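# Coordinate analysis (summary)
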Amino acid sequence: MKGLLAKKLGMTQLFNPDGTTTAVTVLEAGPCHVLGLRTAEKDGYAAARIAFDVVAERKLSKGELGEFKKAKLEPHRHVVEIRGYEGLESGQELKAEIFAAGEIVDVTSHSKGKGFQGLIKRHKFSRGPESHGSMNVRQPGAIGSTDSARVFKGLKMSGQMGNVRTTARAYKVVRVDAERNLLLLKGGVPGARGALVLVRQSTKPVKVKGPSGKPTGRKV
């Protein structure tokens, strides 16, 4: 398992040799530094603590500053722990070049906040009839049961949409720009422009889809 923190810069498109285009998301991947290591002997599991985005000392607490001084690193704004990351040393620098074009990765970020939304937009409900005096065009309909005289918890209703931590799987690395430390992933990545993104090597098999859009049975 390998990974690093990145910042979402936005989206663009790449031209393919056959004249078609591919939509890609551009990520500024690192540079990240290894703040510390977790070992199975001492902590019960193996992991690496990755730091990203250098920040002024006044913006961190004394405890956080002590951890960076112990590792002989500059203070960083973001720290994340990646389990199963082995073969690293404390203070080591990680850049976009740890990934290669063609690799499959998973990304974790906070999705865009949409505010308070209704059922049709938030849960993809269908609207009601619009003719014959119908007053139930965009309403939820019945939300209670026949004899409980209450509304059960967990029903799909109106409310806050987006602004949640989400993980999207199986993004293909289209290009790696080692000089500018950029990762170009195929498709749209969750989060607004400038959002913090965790990019990790995908560990679960992903079914390959054929030209018709149906799975072919092959896995990568």
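These notes cover the structure that comes with them. Bear in mind that the values here come from a model prediction, so they are computed numbers and not experimental data.

What counts, and at which threshold
- Starting afresh in each chain, residues are numbered from 1 along the sequence in its written order.
- Selection of residues for local features in this predicted model requires a pLDDT of at least 70, selection of side-chain atom pairs for listing and counting requires 80 or more, and totals for whole chains, interfaces and linings are taken over all residues.
- For side-chain calculations, the full set of non-hydrogen atoms in the structure is used, while hydrogens and water are omitted.
- When a carboxyl oxygen of Asp or Glu lies within 4 Å of a side-chain nitrogen of Lys or Arg, that pair is called a salt bridge.
- Each helix is a run of DSSP H or I of at least 4 residues and each strand a run of E of at least 2, with the numbering of both proceeding from the N terminus.
- We call a residue buried when its accessible area falls under 20% of the maximum for its residue type, exposed when it is over 50%, and partly exposed in between, using a 1.4 Å probe and counting protein chains only.
- Following DSSP output, two strands are said to pair if at least two bridges run between them.
- Two N or O atoms form a polar contact when they lie within 3.5 Å of each other; inside protein one atom must be a possible hydrogen donor and the other a possible acceptor, and for residues adjacent in sequence the pair counts only when both atoms belong to side chains.
- Axis lines are fitted to C-alpha atoms, over the contacting stretch for helices. Their N-to-C directions set the angle, which ranges from 0 to 180 degrees.
- For the purposes of this section, nonpolar cores are sets of buried Ala, Val, Leu, Ile, Met, Phe, Trp, Tyr and Cys residues that join through side-chain atoms within 4.5 Å.
- By definition in these notes, contact holds between two residues if any of their heavy atoms fall within 4.5 Å.

The final tally for this structure, using the stated rule, is nine salt bridges. Among the salt bridges present, the one from Glu81 reaches Arg49, with a minimum N-O distance of 3.9 Å. One end of the pair, Glu81, is in strand 5 (residues 76-83); the other, Arg49, is in strand 4 (residues 47-54), and 32 residues separate them in sequence. Judged by relative accessible area, which is 29%, Glu81 ranks as partly exposed. Its relative accessible area of 16% is what places Arg49 among the buried residues. Residues Glu130 and Arg127 are paired through a salt bridge, measuring 3.9 Å at the closest nitrogen-oxygen approach. Each member of the salt-bridge network shares a partner with another, and the members are Arg38, Arg49, Glu67 and Glu81.

Moving on, we get to the pairing of strand 7 (residues 104-110). Counting buried residues along strand 7, five of its seven residues qualify, which places the element largely inside the surrounding structure. Bridge analysis of strand 7 against strand 10 (residues 165-177) gives six bridges, and the strand direction is antiparallel. When the sheet's bridge partners are listed, Val105 is paired in strand 10 with Tyr171. Where strand 7 lies against strand 12 (residues 196-201), four bridges are found, and the strand directions are antiparallel. In the sheet register, Val107 faces strand 12, and the bridge partner there is Val199.

Our focus in this paragraph is the side chain of Thr25. Residue placement: Thr25 occurs in strand 2 (residues 21-29). Classification of Thr25 as buried rests on a relative accessible area of 0%. Within the local environment of Thr25, its side chain forms a polar contact with the backbone nitrogen of Val189, the two atoms lying 3.3 Å apart.

Strand order in the closed barrel made by the six strands is 1-2-11-10-7-12, with antiparallel pairing throughout. Strand-to-strand twist of the sheet, defined as the mean angle between neighbouring strand axes without regard to direction, takes the value 50 degrees. Sheet analysis places strand 1 (residues 3-15) next to strand 12, joined by five bridges and oriented antiparallel. Directly across from Leu5, in strand 12, lies its bridge partner Leu198.

Here we come to the nonpolar core. Counting residues in hydrophobic clusters, the biggest one holds 28 residues, and the most contacted among them are Ile50, Val107, Leu183, Leu185 and Val199. Val199 has contacts with Lys2, Gly3, Leu4, Ala6, Leu27, Phe99, Val105, Asp106, Val107 and Leu183, leaving out every residue within four places of it along the chain. Ala51, Leu60, Phe68 and Leu73 belong to the second largest nonpolar core, which has eight residues in total.

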